[in-house]
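Reading the structure
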Amino acid sequence: MSASDKELEEQLAEAGNKLLQPLSSLDQLIILLDQVESSLSKVDQSATISMHVALSPLMKALVANDLLRHSDLDVKVAVASCISEITRITAPDAPYNDDKMKDVFQLIVSSFENLHDQSSRSYNKRVLILETVAKVRLCVVMLDLECDKLITEMFQHFLKAIREDHPENIFSSMENIMTLVLEESEELPVELLSPLLASVKKDNDEVTPIAKRLGEKVFANCAEKLKPYLMQAVESLHISLDEYDSKTVTLVCEGTLQLRGHKSTSYVWSYYERIEEGDDGWWKVRCSHCRLVLHYNARRIGTKCLMKYVERCLERNSMEPIRIE
């Protein structure tokens with residue numbers, strides 16, 4: 001171990017122990033959390049055992065009630081930013097148990113609410129959290145934990161917060177997260193689709209042009225998956241297709257949106273090749289490693305089954321396991 005790595009471990013361990021104790025002032029707490037975030041950003045995803053040991057007090061402190069449910073907004077965002085770095089380091093494994101991860105996701109999603117405020121002290125931290133959620137695909141863990149209401153809330157925050165003067169990485173991160181959620185969901189309830197449909201509804205003064213563009217992009221990305229659900233959602237909301245200001249919605253419902261050249265969102269497609277599609281929507285896909293042919297239907301299921309199979313395939317063949325980069 002290099003001297004710098006040892007020093008980093010000592011810094012993180014010391015910071016974790018400090019956070020386990022009450023601090024004298026709010027400013028002192030925020031400064032310490034800023035230092036923790038900076039240190040965590042230097043830790044590689046494939047961290048050593050000694051680094052994980054050094055992180056233990058910090059991981060415990062960050063999800064203690066005093067920090068996880070702190071009353072100050074900037075502290076909450078700072079804690080969420082530190083935890084998002086922890087999830088990056090431990091990926092693809094979750095750093096906490098299911099109940100604690102649900103609390104973590106509640107904190108992370110709440111940090112997106114004021115993403116529109118670029119003058120906020122916590123703006124850059126909110127952006128980093130957003131990028132980490134997209135990069136580490138934390139939304140898939142949210143799906144596994146059935147955080148349905150929280151995911152819908154996240155969609156609402158994205159569509160309300162996006163601004164024309166936001167850098168491109170914010171738009172693309174939101175797009176990737178929402179697309180991945182829709183593609184990986186086993187079912188697409190009306191509640192989840194409602195914010196997206198509202199973003200392309202005519203005469204909706206609450207929706208900005210950039211939010212409409214974001215909604216249209218997500219619809220186009222997920223057209224195949226959305227087709228059997230979208231018309232049902234439109235009917236349940238008692239709104240005709242004519243009341244939507246986007247041709248994309250109509251084309252998806254009619255199944256006429258051209259998707260040739262559309263890039264599959266899920267990273268799992270780097271391990272499979274599509275062979276042919278049947279009239280019933282079922283695809284034949286071939287594992288690139290063992291050459292086994294499987295059947296897959298995007299309209300009925302997400303790609304979880306394909307992910308699980310290729311993980312077992314790589315393990316059997318002693319190949320490098322999948323890592324969520």
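This write-up is about the structure you can find in this document. Each chain carries its own residue numbering, running from 1 in the written order of its sequence. Only residues with pLDDT of at least 70 get local features here, since the model is predicted, and only at 80 or more are side-chain atom pairs given and counted; chain-wide, interface and lining totals rely on the full set of residues. Side-chain descriptors were evaluated using all non-hydrogen atoms of the structure, hydrogens and water having been removed beforehand.

Some thoughts on the packing of helix 1 (residues 3-19) against helix 3 (residues 49-62)
Applicable threshold: Every axis corresponds to a line fitted to the C-alpha atoms, with the helix fit spanning only the stretch in contact, and the corresponding angles, defined between N-to-C directions, vary from 0 to 180 degrees. Only DSSP runs of H or I with at least four residues qualify as helices, and only runs of E with at least two residues qualify as strands; both kinds are numbered from the N terminus onward. Throughout this description, any angle smaller than 35 degrees is read as roughly parallel, any larger than 145 degrees as roughly antiparallel, any in the 65 to 115 degree range as roughly perpendicular, and the remainder as oblique. Should the near helix be turned anticlockwise from the far one by less than a right angle, the crossing is termed left-handed; should it be turned clockwise, right-handed. Residues are treated as being in contact if the distance between any of their heavy atoms lies within 4.5 Å. In this classification, the charged set is Asp, Glu, Lys and Arg, the nonpolar set is Ala, Val, Leu, Ile, Met, Phe, Trp, Tyr, Cys and Pro, and all remaining amino acids, among them Gly, are polar.
Relative to each other, helix 1 and helix 3 sit at 20°, their axes nearing to 7 Å. As far as their axial angle goes, helix 3 and helix 1 are roughly parallel. Two packed elements cross with a definite hand, and for helix 1 against helix 3 that hand is left-handed. Counted together, Leu8, Glu9, Leu12, Ala13, Gly16, Asn17 and Leu19 of helix 1 and Ser50, Met51, Ala54, Leu55, Pro57, Leu58, Ala61 and Leu62 of helix 3 form the full contact between these two elements. When the residues that make up the contact of helix 1 with helix 3 are grouped by side-chain class, the tally is eleven nonpolar, three polar and one charged.

As for the pattern of salt bridges
Quick reminder of the rule: Should a side-chain nitrogen of Lys or Arg be within 4 Å of a carboxyl oxygen of Asp or Glu, the pair is scored as a salt bridge.
Evaluation of the coordinates by the stated rule reveals eight salt bridges. Note that Glu164 and Arg213 form a salt bridge whose closest N and O atoms lie 4.0 Å from each other. A residue pair is termed long-range when its members are at least 10 positions apart, and Glu164 in the loop between helix 9 (148-161) and helix 10 (168-184) and Arg213 in helix 12 (residues 209-221) qualify at 49 residues. Here the salt bridges do not stand alone but share partners, grouping Asp34, Glu37, Arg121 and Lys125 into one network.

Considerations on the side chain of Ser111
As for its placement among the helices and strands, Ser111 is situated in the loop between helix 6 (98-110) and helix 7 (123-136). When sequence neighbours within four positions are dropped, the list of residues in contact with Ser111 reads Val77, Arg126 and Ile129.

Digging into the packing of aromatic side chains
Cut-off, in case you're wondering: Stacked, tilted and edge-to-face are the three classes assigned to paired rings of Phe, Tyr and Trp, where Trp is represented by its six-membered ring and a pair needs centres within 6.5 Å; plane angles under 30 degrees give stacked, over 60 edge-to-face, the rest tilted.
In total, this model carries one aromatic pair according to the counting rule given. Aromatic pair Phe112 and Phe158: ring centres 5.3 Å apart, planes at 55°, arrangement tilted. Of the two residues, Phe112 sits in the loop between helix 6 and helix 7 while Phe158 sits in helix 9, which places them 46 residues apart along the sequence.

Concerning helix 7
Stated formally: The span expected for a helix works out to 1.5 Å for each residue beyond the first. Summary of the burial criterion: residues with accessible area below 20% of their type's maximum are buried, those above 50% are exposed, and those between are partly exposed, where the area comes from a 1.4 Å probe applied to protein chains only.
Between its terminal C-alpha atoms helix 7 stretches 20 Å, which fits the 20 Å expected from 14 residues at 1.5 Å a residue. All buried positions along helix 7 are accounted for by Tyr123, Lys125, Arg126, Val127, Ile129, Leu130, Thr132, Val133, Ala134 and Val136. Positive phi appears at Arg137, one or two residues downstream of helix 7, with a value of about 60°.

Quick notes on unusual backbone geometry
The omega torsion across Ala91 and Pro92 is 10°, close enough to zero to call that bond cis. Structurally, the position occupied by Pro92 is in the loop between helix 5 (73-90) and helix 6. Although it is not a glycine, Arg137 adopts a positive phi angle of roughly 60°. Position of Arg137 among the secondary structure elements: in the loop between helix 7 and helix 8 (138-144). Using a relative accessible area of 17% as the deciding quantity, one classes Arg137 as buried. Despite not being glycine, Glu146 has its phi angle at roughly 60°, a positive value. Following the sequence through the fold, Glu146 ends up in the loop between helix 8 and helix 9.

Concerning the packing of helix 11 (residues 190-199) against helix 13 (residues 223-236)
Following both chains from N to C, one finds helix 11 and helix 13 inclined at 80°, their axes separated by 10 Å at the closest point. Between helix 11 and helix 13, the interaxial angle falls into the category roughly perpendicular. The residues of helix 13 that touch helix 11, namely those facing Val190, Leu193 and Leu197, are Leu226, Tyr229, Leu230, Ala233, Val234 and Ser236. Taken together, the residues that form the contact of helix 11 with helix 13 break down as eight nonpolar, one polar and no charged.

Remarks on helix 2 (residues 26-40)
The end-to-end C-alpha distance of helix 2, which contains 15 residues, comes to 21 Å, matching closely the 21 Å that a straight helix rising 1.5 Å per residue would cover. Those residues of helix 2 lying buried are Leu29, Ile30, Leu32, Leu33, Val36, Glu37, Ser39 and Leu40. Buried positions along helix 2 lie against helix 1, helix 3, helix 4 (65-68), helix 5 and helix 7.

Quick look at a negative patch on the surface
Selection rule: Only residues whose relative accessible area exceeds 30% and that form no salt bridge enter a patch; like-charged residues are grouped when within 9 Å of one another, and nonpolar side chains (Val, Leu, Ile, Met, Phe, Trp, Tyr) when within 5 Å. Areas reported here follow the Shrake-Rupley algorithm with a probe of radius 1.4 Å; residue values treat only the protein chains shown as occluding. Here Asp and Glu are counted as negative and Lys and Arg as positive; His is not counted, and neither are the chain ends. Each charge is placed at NZ for Lys, CZ for Arg, CG for Asp and CD for Glu.
On the surface, a cluster of negative charge is made up of Glu146, Asp148, Glu186, Glu187 and Glu191. In this structure, Glu187 sits in the loop between helix 10 and helix 11. Among the residues examined, Glu187 registers a relative accessible area of 54% and is labelled exposed.

Side note on the pairing of strand 2 (residues 283-287)
Counted only if it meets this: Being paired, for any two strands, means DSSP has found at least two bridges between them.
On strand 2, burial follows the alternation: Trp283, Val285 and Cys287 on one face are buried, whereas Lys284 and Arg286 on the facing-out side are not. The pairing of strand 2 with strand 3 (residues 293-296) spans four bridges and is classified as antiparallel. In the strand pairing of strand 3, Trp283 is matched with Tyr296. Taken together, strand 2 and the strand that follows it, strand 3, pair antiparallel across an intervening segment of five residues, in which Arg291 is found at a positive phi of about 70°.

Details of the nonpolar core
For clarity, the threshold we go by: Put simply, a nonpolar core is a bunch of buried Ala, Val, Leu, Ile, Met, Phe, Trp, Tyr and Cys residues held in one set by side-chain atoms that sit within 4.5 Å of each other.
Of all hydrophobic cores here, the largest spans 93 residues; its most connected members are Leu19, Leu62 and Leu182. If one sorts the elements of this core by residue count, helix 5 sits on top with nine residues. Residues within four places of Leu19 in sequence aside, it is in contact with Leu29, Leu32, Leu33, Val36, Leu58, Ala61, Leu62 and Leu67. Of all hydrophobic cores here, the second largest spans eleven residues; its members include Tyr271, Tyr272, Leu294 and Leu306.

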